[in-house]
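# Notes for the structure review
Next come the chains, spelled out residue by residue.
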Number of protein chains: 2
Amino acid sequence: MLNLKFDYLPSNLQEKLQQGPDSQGIEALEWLFDPKTAKNLPLGWFDWPLKDHKALIEDIKAAAAQIRSNSKVLVVIGIGGSYLGAKALYDALTPSFKKSEENTELVFAGHNLSSEYLLSLNQYLQDKDFSLCVISKSGTTLEPALAFRYLFNLLVQRYGMTVALERLFLITDPEKGVLRELAGQNEISAFSVPVDIGGRYSVLTAVGLLPLAVAGFQIEKILKGAAQARNDFDRAENTAKAALNYAIIRHYFYQQGKVVELFVSHQPRLKMLAEWFKQLFAESEGKEGKGLLPVSLLYSTDLHSLGQFVQEGNPIFFETVLDIKTEKTDLNVATGFFDDGLSYLEGKTMNFVQNQAFLGTVQAHVEGNVANLIIQLDELSEYSLGYLTYFFMLACALSGKILGVNPFDQPGVEAYKSNMYKLLKN
Amino acid sequence: MLNLKFDYLPSNLQEKLQQGPDSQGIEALEWLFDPKTAKNLPLGWFDWPLKDHKALIEDIKAAAAQIRSNSKVLVVIGIGGSYLGAKALYDALTPSFKKSEENTELVFAGHNLSSEYLLSLNQYLQDKDFSLCVISKSGTTLEPALAFRYLFNLLVQRYGMTVALERLFLITDPEKGVLRELAGQNEISAFSVPVDIGGRYSVLTAVGLLPLAVAGFQIEKILKGAAQARNDFDRAENTAKAALNYAIIRHYFYQQGKVVELFVSHQPRLKMLAEWFKQLFAESEGKEGKGLLPVSLLYSTDLHSLGQFVQEGNPIFFETVLDIKTEKTDLNVATGFFDDGLSYLEGKTMNFVQNQAFLGTVQAHVEGNVANLIIQLDELSEYSLGYLTYFFMLACALSGKILGVNPFDQPGVEAYKSNMYKLLKN
């Protein structure tokens, strides 16, 4: 399902990987499996795919069926880890343009403070039945809380309070917080973010699965893919554990002064997956003055933008390239009505062209001394994306441990919040 | 219209700026105004806003009126500088959700090699009248050329050849290249990319203006804003030339080992403006192993993603924050139906909240030793965006000169192309 390709890495790094994990790598591995770790840190995501989720899936499907039966749009309110996972997989699996008539559309809100965004969303919803899904552990985070206020008013105006409460779905702390209280007092459908799973590790819980089920995707397959990733990790020899190798590669480059990781994909639909990736790694590792800064690029679009810099600019980065092995769609190169010098491509397909562009780029960058790690994923599907997201979470935990930080906290996020709340109360 | 705010820069840099440009800065200034420079380098964009463009504007308006009269969608085919400027301004001035019924929608293609993208676009166009605008100097760049083949076939199928040619608009080299030939042979409407204006400096030519006129924007105001930026630059004392100061600040940080520039905005609609900015600076400066890597962030969205890294991670960056002084829309904080702890904000507006979040973030980052340069723009309008884009082009030319590179070439973009064409011909 997923294959790390080392061919374009520096030869000394390839040799290092063949020798198997160093002491830091072994230590990180032991730490991850040590039951004491789970006692002290929010490691719930680690065994999550191995657990029996039948009841949860049934509950999610029931809620999704209800929303699908009466809503053209589900507005998902959340910020950071509360929306990035669902948005990443939704975009990856949804056509670039066409909105399906069959499925309920997902629209995201509560991840900014823009009045224009809310006003425009209001216009958009004017002729569409909708429901709300609010995703917030505390229920008091500023951006989603203010969007919830605005959109719940809209919902009540449209349907009246009784029906509005039926069209409201909460995903929050299992026991405490204002949303949990709200749910208890009003019999609102509510799902839990497990207490031992942090926001950026939550895509495989209801946080990701409810919106995706509403959008018509097969959520069991997402979980199955994740379980496969976990099983592959457990079964592989230490030298062949892909997530560990990826963590070791990242740390190697970091120590070589490559301070930026360019996360590259070739699919326009993977833009938000890159955003999810950036949050996962930046928030897990960017602390104590450390960490690789994750930056996302989309090729070949960005070859005509940042490509010059990648090829010849300040060499402060390495590339991690996500390659999708098999595309579901293809097209023949269209016939030309005039001479554009490309007639030799007639009879070829767009995927052939895309693949040659991919190879040409890798070669050019390697010739320009830009190291390339290729992560090849078999296809884009619910299963493969479950596999991939779990793979990245595994790698991120190991990578953070090797870097010597706690990959599960985010003390720096509080700094702007506390300043902001002070200013807001003035 | 535009104001550089130095308050959150390191004090020694503030002092340096008060003393006026150093010898490198003066040299860059003289170089820009030296007529010899324009003889050797594509400097056509520099005096462009000062020229009389009445005839061009009338031609563009006539073409735009024709497209608006018969097309629900204009598909703009281009990559890199051939689409980023139009897309940046289109997004900045268009509501986040609602597609206007009055205006022709712009859809972009030819900036990727995805078959899925084209197939999905085909579906999207099925029930909409459309025209094509192809933007390419050479006409042979792979991505737009293949998209043009596909979409022109679609156009011919829909309308027949005669009408398809009437629905085709070309923006290309004034004299040579396959698109210019095509125009000459078939009486197709064609506009020029001036030979002395490179792709990433072309937003103020027909490349940006035709699509924006089709979308219903006032293109004279864009040019007027740019002319104002140029006049302000000419009239200001050297110590007060904003574009020069910005170039000097960038170079100062670069020399201090800040290898990444975080370009930050607070408006979801400015995402593509950041992409335009990234191309301008990355392609102009990323050469000879040099350059600041431009990275874009959207706050407060990304405070819950990369915010942790900015606050406490590897301090390899500085922030350039684009602040919009006056928003056109605002909203009162909505009343709450239950206690989310935010009732003290009732009676305040979303823009107040946004502004306090902005200030809280700047303070938190400065306390965390992240230097902040604030570029304050009065508003988001055609005029202000003309001003801003010209300001950035000025600053980029000066910055490249100070860095010691040619800010107008892109030798590294050829590397992947030549590899790719070799592979494609195999």
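Everything in this summary refers to the structure shown in the same document. (Residues numbered from 1 in each chain as written. Chains lettered and ligands numbered in written order. Predicted model: local features only at pLDDT ≥ 70, side-chain atom pairs only at ≥ 80, totals over all residues. Heavy atoms only, no water.)

## Concerning the packing of aromatic side chains
All told, the structure shown has 58 aromatic pairs over all chains when counted by the stated rule. With a centroid separation of 5.6 Å and an interplanar angle of 35°, the aromatic rings of Phe97(A) and Tyr124(B) are classed as tilted. Taken together, the residues Phe97(A) in the loop between helix H6 (84–93) and strand S3 (105–109) and Tyr124(B) in helix H7 (residues 115–125) connect one chain to another. Each member of the pair Phe97(A) and Tyr124(B) is classed as buried. A centroid spacing of 6.3 Å and a plane angle of 45° characterise the contact between Phe309(B) and Phe317(B), whose relative ring orientation is tilted. Across the ring face of Tyr159(A), the terminal group of Arg167(A) is positioned such that the distance to the ring centre comes to 4.0 Å. The cationic tip of Arg250(B) hangs over the ring face of Tyr246(B); the distance from NZ or CZ to the ring centre is 5.8 Å. (Phe/Tyr/Trp six-rings, centres within 6.5 Å; stacked < 30°, edge-to-face > 60°. Helix = DSSP H or I, 4+ residues; strand = E, 2+ residues; numbered from the N terminus. Buried < 20%, exposed > 50% of the residue type's maximum accessible area, 1.4 Å probe, protein only. Lys NZ or Arg CZ within 6 Å of the ring centre and 35° of its normal.)

## A word on the packing of helix H1 (residues 11–18) of chain B against helix H12 (residues 242–255) of chain B
A pair of packed helices is captured by two measures, namely the crossing angle of their axes and the spacing between those axes. All names here are of chain B. It is the contact of H1 with H12, at a shortest axis distance of 11 Å, that shows an interaxial angle of 140°. Between H1 and H12, the interaxial angle falls into the category oblique. Handedness of the H1/H12 crossing: right-handed. Residues Asn 12, Leu 13, Lys 16 and Leu 17 of H1 lie in contact with H12, whose contacting residues are Asn 245, Ile 248, Ile 249, Tyr 252 and Phe 253. Taken together, the residues of the contact of H1 with H12 break down into 6 nonpolar, 2 polar and 1 charged. (Axes fitted to C-alpha atoms, helices over the stretch in contact; angles between N-to-C directions. Parallel < 35°, antiparallel > 145°, perpendicular 65-115°, else oblique. Left-handed = near helix turned anticlockwise from the far one by under 90°. Contact = heavy atoms within 4.5 Å. Nonpolar A, V, L, I, M, F, W, Y, C, P; charged D, E, K, R; others polar.)

## A short note on helix H9 (residues 178–186) of chain A
Within H9(A) the residues assigned to the buried category are Val178(A), Leu179(A), Arg180(A), Leu182(A) and Ala183(A). Looking at the buried residues of H9(A), the elements they touch are strand S4 (130–135), helix H8 (142–166), strand S5 (168–172) and strand S6 (189–192) of chain A.

## Brief notes about the environment of Glu285(B)
All names here are of chain B. With respect to the secondary-structure elements, Glu 285 resides in helix H13 (residues 271–285). You can call Glu 285 buried: its relative accessible area is 2%. Sequence separation between Glu 285 and Pro 407 is 122 residues; the distance between their C-alpha atoms is 5.9 Å. Looking at Glu 285, its side chain comes within polar contact range of the main-chain nitrogen of Gly 400, at 3.2 Å. (Polar contact = N/O pair within 3.5 Å; in protein donor to acceptor, adjacent residues only side chain to side chain.)

## Regarding the relation of the copies chain B and chain A
The two copies are related by a screw operation: chain B maps onto chain A through 180° of rotation and 0.0 Å of translation along the axis, at an RMSD of 0.0 Å. Here the transformation between the copies is reduced to the relation of a two-fold axis. Taking C-alpha positions as the reference, the residue of chain B nearest the rotation axis is Val295(B), at 3.6 Å. Comparing interface residues between copies, 99% of those in chain B also sit at the interface in chain A, which points to an isologous, same-surface contact. (Least-squares fit on C-alpha atoms with pLDDT ≥ 70 in both.)

## Side note on the interface of chain B and chain A
Each side of the interface is counted separately: chain B has 122 residues, and chain A has 121 residues. Approximately 10,400 Å² of surface area, both sides summed, lies buried where chain B meets chain A, with 65% of it carried by carbon and sulfur atoms. Counting the surface chain B buries against chain A, the share from its top three residues, Phe97(B), Arg149(B) and His304(B), is 9%. Between chain B and chain A we count 6 salt bridges in total. Salt-bridge contacts for Asp340(A) lead to Arg149(B); the nearest nitrogen and oxygen are separated by 2.8 Å. On inspection of chain B and its partner chain A, the count reaches 42 residue pairs in polar contact (both at pLDDT 80 or more). (Buried area = accessible area lost by both parts, 1.4 Å probe. Salt bridge = Lys/Arg side-chain N within 4 Å of Asp/Glu carboxyl O.)

## Focus: the sheet that holds S3(A)
Residues and elements named next belong to chain A. Read across the sheet, 5 strands follow the order S3-S2-S4-S5-S6 without closing on themselves; strand pairing throughout is parallel. Each edge of the open sheet is held by one strand with a lone partner, namely S3 and S6. Here the strands of the sheet are splayed against their neighbours by 20° on average, with no regard to which way each runs. Sheet analysis places S5 next to S6, joined by 4 bridges and oriented parallel. Of the residues in S6, the one forming a bridge with Thr 172 is Ser 192. Where H9 meets the sheet, its contacts fall on S4, S5 and S6, and the angle it forms with S5 comes to roughly 135°. (Pairing = 2+ DSSP bridges.)

Read these as spatial facts, not as claims about activity.
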